[in-house]
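# Inside the fold
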Amino acid sequence: MATDQDFDDFDDDDASDGTEMSFLGHLEELRWHILRSVASFFVFAVAAWFFREFIFSSIILGPTKTDFYTNQILCQAADLFNMPSLCMQKADFILQSREVSGQFMMALTQSIIVGLLFAFPYMFHELWRFIKPGLKSKELKAARGAVFWVSVLFFSGVAFGYFVVAPMAINFLANFKLDPSIQNQFDINDYISLLSMLTLACGITFQLPMIAFVLSQVGILTPSFMREYRRHALIVIFIVAAIITPSPDVVSQLLVAFPLLGLYEISIGVSGRVLKRKMREEEMESNS
């Protein structure tokens, strides 16, 4: 079984050595962290530019295709539950570029998005390296593995948004018509904005356990409070699921709601562990 030591940050040697640094020294240190973060983003963005055609046709347009992995699974589930509406149909829309520089700017935009996405763990790692020397030993011990867990939760949320939320939302919106004579013709920028919003929003939403950890660490949040308002959270989660999955069938909403409910329960457990550790430390200090 993995231990907390297994998830230590990459550079525990950066912990504070007890020496004070001047204000200008902090600015210089921050400058180098920012430069390294920007460099990592630039590397991934350039790589994404060279693979722009593959990224666009296979990844960005993937959720619109009937042979997309998620769409195939949903069609199988539709046969199993006898719910034809769950099976993704061929997206009935046309993507258009309405500006002379539209496709070039779209290629540039997708490179920036992919660069930020893949550089996120290292950028957060650099931010953590800057913050860590100012923390006390107890705070460092409590936050051990922060980079690992933030990265895992972020990419889990992005994957959930891309493979689950985006295909259902795009399929519903692309095939929704007030009248058969009206043809859906979307601007490519609108499509990319929708896909980016759904995936990145899920990536941020999946940080709920880490948010619960931080708020519990500073004493703002407790597990008893989260248990008391579990019913309220349940209502909010189903409302959110209904918003991001506009399809009227219940199964689609449940597919989105259940992972969010799981995150809420995990957050309660995280808050409970923080509270127990704080109580144990206070007991040890009082006995010493």
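Since we're looking at a predicted model, the values are computed, not measured.

With that settled, consider the side chain of Gln207. Positionally, Gln207 belongs in the loop between helix 7 (188-205) and helix 8 (208-217). Note on Gln207: relative accessible area 12%, which makes it buried. Within polar-contact distance, the side chain of Gln207 engages the backbone oxygen of Val150 at 3.1 Å. In contact with Gln207, not counting residues within four places along its chain, are Val150, Leu153 and Phe154.

We now examine a nonpolar patch on the surface. On the surface, Phe42, Val46, Phe50, Phe51, Phe54 and Ile59 cluster together to form a nonpolar patch covering roughly 650 Å² of accessible area. Among the secondary structure elements, those contributing two or more residues to the nonpolar patch are helix 1 (23-50) and helix 2 (52-60). Ranked by residue count, the leading element in the nonpolar patch is helix 1, at three residues. Along the chain, Phe51 turns up in the loop between helix 1 and helix 2. Looking at Phe51, the relative accessible area reads 52%, which means it is exposed.

Here the second largest pocket is characterised by a volume of approximately 530 Å³. Forming the walls of the second largest pocket are 21 residues, and the residues nearest its centre are Ile55, Ile59, Val114, Leu117 and Phe118. Residue composition of the lining of the second largest pocket, grouped by class: 18 nonpolar, three polar and no charged.

Below, the discussion takes up the packing of aromatic side chains. Each aromatic ring pair is summarised here by two numbers: the centre-to-centre distance and the angle between the ring planes. All told, the structure shown has eleven aromatic pairs when counted by the stated rule. Relative to Phe118, the ring of Phe44 lies with its centre 6.1 Å away and its plane at 25 degrees, an arrangement referred to as stacked. Taken together, the residues Phe44 in helix 1 and Phe118 in helix 4 (residues 102-131) connect sequence positions 74 residues apart. Here Phe118 falls in the partly exposed class, since its relative accessible area comes to 46%. Ring centres 6.3 Å apart and planes at 25 degrees place the aromatic pair Phe120 and Phe124 in the stacked group. In this pair, Phe120 and Phe124 both sit in helix 4, four residues apart, roughly one turn of the helix. According to the relative accessible area criterion, Phe124 is partly exposed, its value standing at 21%. One aromatic cluster is present, built from ring pairs that chain together Phe120, Phe124, Phe154 and Phe155. The residue whose ring lies beneath Arg31 is Trp32, and the NZ or CZ to ring-centre distance is 5.1 Å. Taking NZ or CZ as reference, Arg52 lies 4.5 Å from the ring centre of Trp49, over its face.

Our focus in this paragraph is the UniProt feature "transmembrane region" (unreviewed entry) in the protein. Under the UniProt annotation, the feature "transmembrane region" (unreviewed entry) is placed at residues 34-51, 104-125, 146-174, 194-220, 232-248 and 254-275. Measuring from the first to the last C-alpha atom of residues 194-220 gives 34 Å, for a span that is 81% helix and 0% strand. Between the end C-alpha atoms of residues 254-275 the distance is 31 Å, and the span holds 100% helix and 0% strand.

All right, on to the environment of Ser57 then. Structurally, Ser57 is set in helix 2. Apart from the residues within four sequence positions on either side, Ser57 is in contact with Gly62 and Lys65. Within polar-contact distance, the side chain of Ser57 engages the backbone oxygen of Glu53 at 2.9 Å.

If you check which residues of helix 8 are buried, you get Pro209, Met210, Ala212, Phe213 and Ser216. The buried residues of helix 8 occupy an angular sector of 160 degrees when projected down its axis, which confines them to one face. Of the residues flanking the end of helix 8, it is Gly219, one or two places downstream, whose phi is positive at about 85 degrees.

Right, let's get into the packing of helix 3 (residues 69-81) against helix 6 (residues 146-175). Here helix 3 crosses helix 6 at 75 degrees, and the two axes come no closer than 9 Å. By the angle between their axes, helix 3 is roughly perpendicular relative to helix 6. Here helix 3 contributes Thr70, Asn71 and Leu74 to the contact with helix 6, which in turn contributes Phe163, Val164, Pro167 and Met168. For the contact of helix 3 with helix 6, the residue count by class is five nonpolar, two polar and no charged.

What counts as what
- Residues numbered from 1 in each chain as written.
- Predicted model: local features only at pLDDT ≥ 70, side-chain atom pairs only at ≥ 80, totals over all residues.
- Heavy atoms only, no water.
- Helix = DSSP H or I, 4+ residues; strand = E, 2+ residues; numbered from the N terminus.
- Buried < 20%, exposed > 50% of the residue type's maximum accessible area, 1.4 Å probe, protein only.
- Polar contact = N/O pair within 3.5 Å; in protein donor to acceptor, adjacent residues only side chain to side chain.
- Contact = heavy atoms within 4.5 Å.
- Patch = residues over 30% accessible without salt bridge, like charges linked within 9 Å, V, L, I, M, F, W, Y side chains within 5 Å.
- Areas by Shrake-Rupley, 256 points an atom, 1.4 Å probe, with all protein chains shown as cover.
- Salt bridge = Lys/Arg side-chain N within 4 Å of Asp/Glu carboxyl O.
- 1 Å grid on protein atoms, 1.4 Å probe; cavity = no way out; pocket = protein on both sides within 12 Å on 5 of 7 lines; lining within 4 Å.
- Points joined across faces, edges and corners; volume = space filled by probe spheres on them.
- Nonpolar A, V, L, I, M, F, W, Y, C, P; charged D, E, K, R; others polar.
- Phe/Tyr/Trp six-rings, centres within 6.5 Å; stacked < 30°, edge-to-face > 60°.
- Lys NZ or Arg CZ within 6 Å of the ring centre and 35° of its normal.
- UniProt positions renumbered as here; feature names shortened; annotations may be inferred.
- Arc of directions from axis to C-beta.
- Axes fitted to C-alpha atoms, helices over the stretch in contact; angles between N-to-C directions.
- Parallel < 35°, antiparallel > 145°, perpendicular 65-115°, else oblique.

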